[in-house]
Each structure stands twice: as structure tokens, then as C-alpha cells.
Amino acid sequence: MLIRRATPDDAETVAALAARTFTETFGGLYPPDDLASFLRDAYAVEKQRAILSHPDYAIWLVEDAGEAVGHVAAGPCGLPHPDAAPGDGEVKRLYLRRGWQNGGHGARLMDAAMDWLLRDGPRTLWVGVWSENVGAQRFYARYGFAKAGEYLFPVGDTRDLEFILRRPPAG
């Protein structure tokens with residue numbers, strides 16, 4: 001299993017993987033039109049290419065025999081929290097395909113993102129997580145994240161309650 005930083009040439013792979021893993025994880029929660037609208041916008045190939053081309057963002061892929069089976073994205077904090085400040089970082093998303101979960105690959109991806117986010121020294125980090133995803137909340141707690149707020153995350157016309165988790169600079 002190889003973890004590597006994605007490049008703009010990986011935009012199609014990232015878009016397809018992100019849509020697949022989001023659908024595997026949450027697809028059954030939404031009306032089909034809401035899910036399709038969200039996937040079309042959030043994981044559009046050109047949007048992924050723009051992110052991969054921007055120096056303030058990074059995505060890592062975990063590959064099994066050359067096939068991308070998971071990813072993590074990181075960049076500047078964009079969560080709607082009053083304490084989020086310029087210079088804060090965010091783990092944007094971390095997903096693995098079914099069959100590759102619970103094998104330590106999520107931790108390896110998270111370690112890559114954390115190393116990159118903290119490359120210039122300590123700073124506040126953030127992550128948004130679905131309020132009912134207790135496993136993900138426990139995972140992020142192991143990295144020093146704790147609940148700092150809530151917001152409604154739009155998936156089409158559906159709004160999910162998301163928890164905003166924060167990790168102080170000292171970790």
C-alpha cells in the first residue's frame with residue numbers, strides 16, 4: 001500500500017474516488033437528487049484540479065496495487081466557526097473505500113495530512129464531522145481534536161448536523 005501526494009494529473013481519480021467513498025459512506029442518507037447535486041458540485045473534476053494546483057491545499061491518495069482506495073484532503077480552515085482564524089488549517093475530508101477500512105490506512109493518511117498541516121510549526125487545526133459518525137469522532141479525538149461547535153452541512157437541499165472539531169496548536 002502506497003501513500004502519495006496527488007498532483008493535478010490525478011484530478012479525475014480524486015473526483016471519482018471522492019464521489020465513490022462519499023456515496024459508500026453516506027449515500028443512503030439522502031434523496032437521490034440531493035446526492036447527485038452534491039456530488040456534481042463538490043467533486044467536479046475541474047474543482048479537484050484547481051485544488052490540486054493550489055499551493056495551500058494538498059490531497060494524498062492511498063493506493064493498493066496502483067488503484068486509489070482512499071484519500072485525505074487538507075488546506076486552510078473554511079469551517080464556519082467564530083474562532084477560526086487566518087493561518088488555521090483543516091482536514092477537509094478523509095475517506096477509504098469499503099474493504100480498506102480498519103486496516104490502519106486512515107491513520108497513515110491522517111499522519112500525512114497532519115505532517116503537512118504542521119510543517120511550519122504548531123497551529124490550530126479543524127475538522128468537520130457528521131454528528132452521528134461516532135467512529136470518526138473517536139478517530140479525530142486520538143489526534144487531539146475536540147468538539148468546538150456545530151453547523152449545518154448542505155447536501156443538495158438536505159442539511160446535516162455537523163460537529164466542528166478543533167485541535168489547539170499544542171495538540
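Calculation notes
Residues numbered from 1 in each chain as written. Predicted model: local features only at pLDDT ≥ 70, side-chain atom pairs only at ≥ 80, totals over all residues. Heavy atoms only, no water. Helix = DSSP H or I, 4+ residues; strand = E, 2+ residues; numbered from the N terminus. Rg over C-alpha atoms; globule rule 2.2 N^0.38 Å. Buried < 20%, exposed > 50% of the residue type's maximum accessible area, 1.4 Å probe, protein only. Contact = heavy atoms within 4.5 Å. Areas by Shrake-Rupley, 256 points an atom, 1.4 Å probe, with all protein chains shown as cover. Lys, Arg positive; Asp, Glu negative; His and termini not counted. Charge placed at Lys NZ, Arg CZ, Asp CG, Glu CD. Salt bridge = Lys/Arg side-chain N within 4 Å of Asp/Glu carboxyl O. Axes fitted to C-alpha atoms, helices over the stretch in contact; angles between N-to-C directions. Parallel < 35°, antiparallel > 145°, perpendicular 65-115°, else oblique. Left-handed = near helix turned anticlockwise from the far one by under 90°. Nonpolar A, V, L, I, M, F, W, Y, C, P; charged D, E, K, R; others polar. Pairing = 2+ DSSP bridges.

## A few points about the overall build of the protein chain
A tally of regular secondary structure across the protein chain gives five helices and seven strands. Reading the protein chain from its N end, one meets helices and strands in the order β-α-α-α-β-β-β-α-β-α-β-β. Relative to the globule expectation of 16 Å for 171 residues, the C-alpha radius of gyration of the protein chain, 15 Å, shows essentially globular dimensions. For the C-alpha atoms alone, the extent of the protein chain along its principal axes is close to 40 × 35 × 30 Å. For the protein chain, buried positions account for 47% of its 171 residues. Considering only intrachain contacts with a sequence separation of at least 6, the fraction spanning at least 24 residues in the protein chain is 63%. Here the protein chain has roughly 8500 Å² of accessible surface; of this, 51% comes from carbon and sulfur atoms. Taken together, the 19 basic and 23 acidic charged side chains of the protein chain have centroids lying 3 Å from each other.

## Describing the pattern of salt bridges
All told, the structure shown has nine salt bridges when counted by the stated rule. We note a salt bridge from E67 to R97, for which the minimum N-O separation is 2.5 Å. Taken together, the positions of E67 in strand β3 (residues 67–76) and R97 in the loop between β4 (89–96) and α4 (105–117) put the pair 30 residues apart, joining distant regions of the chain. For E67, a relative accessible area of 38% translates into the label partly exposed. According to the relative accessible area criterion, R97 is buried, its value standing at 7%. Between E150 and K147 there is a salt bridge, with the nearest N and O atoms lying 2.8 Å from each other. For E150, a relative accessible area of 43% corresponds to the partly exposed category. On the accessibility criterion, K147 (47% relative accessible area) is partly exposed.

## Regarding the packing of helix α1 (residues 11–26) against helix α2 (residues 32–42)
Between α1 and α2, whose axes approach to 10 Å, the crossing angle comes to 150°. Overall, the two elements α1 and α2 adopt an arrangement that is roughly antiparallel. Helix-helix and strand crossings are classified by hand; for α1 and α2 the assignment is right-handed. Contacts between α1 and α2 involve A19, F22 and T23 on the former and, on the latter, L35, F38 and L39. Here the contact of α1 with α2 is built from residues that sort into five nonpolar, one polar and no charged.

## Considerations on the pairing of β4
With seven of eight residues buried, β4 lies mostly within the body of the structure. As paired strands, β3 and β4 are joined by seven bridges and run antiparallel to one another. Considered in β4, the bridge of V72 is made with L94. For β4 and strand β5 (residues 125–130), the ladder comprises three bridges, and the chain directions are parallel. Its bridge partner lying in β5, G89 is registered against L125.

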